[in-house]
Amino acid sequence: LSPFSTEAKALLDRLDIEYIEISLGLEWIPGLMVEGGAQTRAALLNMTSQSSLPQIFIGGESIGGLFSGTPGLLPGLEQGVILEKVKSATA
């Protein structure tokens, strides 16, 4: 896993937020991804305009990665929007 993916998972675990992990392989380098991983990453780029990992979605909506995106996991937690999005998605 990418270091950012590992950190995002650890943060979600600490916050006791349930998630579904879709792994592209043990490595994020295209030649070392699982079969179909490169195609999935290309589809994510097309959907979110980002190819970096992790890609985090709440209720089917992309929030970006760990540090960047719309708003990104850490910035969204600091802004107080992530927990609200999670609550809305699980209601």
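Check the entry above for the structure.
Note that the structure is a prediction, hence the values are computed from the model and not measured.

A. Representation of the environment of E84 within the structure. Structurally, E84 can be placed in helix α4 (residues 82-90). Residue class for E84 comes out partly exposed when judged on its relative accessible area of 45%. Put simply, E84 and T40 are 44 residues apart on the chain and 28 Å apart in space, counted from C-alpha to C-alpha.

B. Layout of helix α2 (residues 37-48). Here α2 contains twelve residues, and its C-alpha end-to-end distance of 16 Å stays within 8% of the 16 Å for a straight helix at 1.5 Å per residue. Regarding α2, the residues found buried are G37, R41, L44 and T48. Buried positions in α2, seen along its axis, are confined to an arc of 55 degrees and lie on one side of it. Relative to its buried face, α2 has exposed residues pointing more than 90 degrees away, namely Q39 and N46. The inward-facing, buried residues of α2 contact β1 (56-58) and β2 (61-64). Directly beyond the C-terminal end of α2, a positive phi value near 65 degrees is found at S49.

C. Structural context of helix α1 (residues 3-14). Between its terminal C-alpha atoms α1 stretches 16 Å, which fits the 16 Å expected from twelve residues at 1.5 Å a residue. Of all the positions in α1, only S5, A8, L11 and L12 are classed as buried. The arc that holds the buried residues of α1, viewed along the axis, is 125 degrees, so those residues lie on one side. More than 90 degrees from the buried face of α1, the exposed residues found are P3 and R14. Residues of α1 that are buried sit in contact with β1 and α3 (73-79). D16 sits one or two positions beyond α1 and adopts a positive phi of about 60 degrees.

Rules and cut-offs
- Residues numbered from 1 in each chain as written.
- Predicted model: local features only at pLDDT ≥ 70, side-chain atom pairs only at ≥ 80, totals over all residues.
- Heavy atoms only, no water.
- Helix = DSSP H or I, 4+ residues; strand = E, 2+ residues; numbered from the N terminus.
- Buried < 20%, exposed > 50% of the residue type's maximum accessible area, 1.4 Å probe, protein only.
- Expected span 1.5 Å × (residues − 1).
- Arc of directions from axis to C-beta.
- Contact = heavy atoms within 4.5 Å.

Honestly, it's all geometry; don't read function into it.
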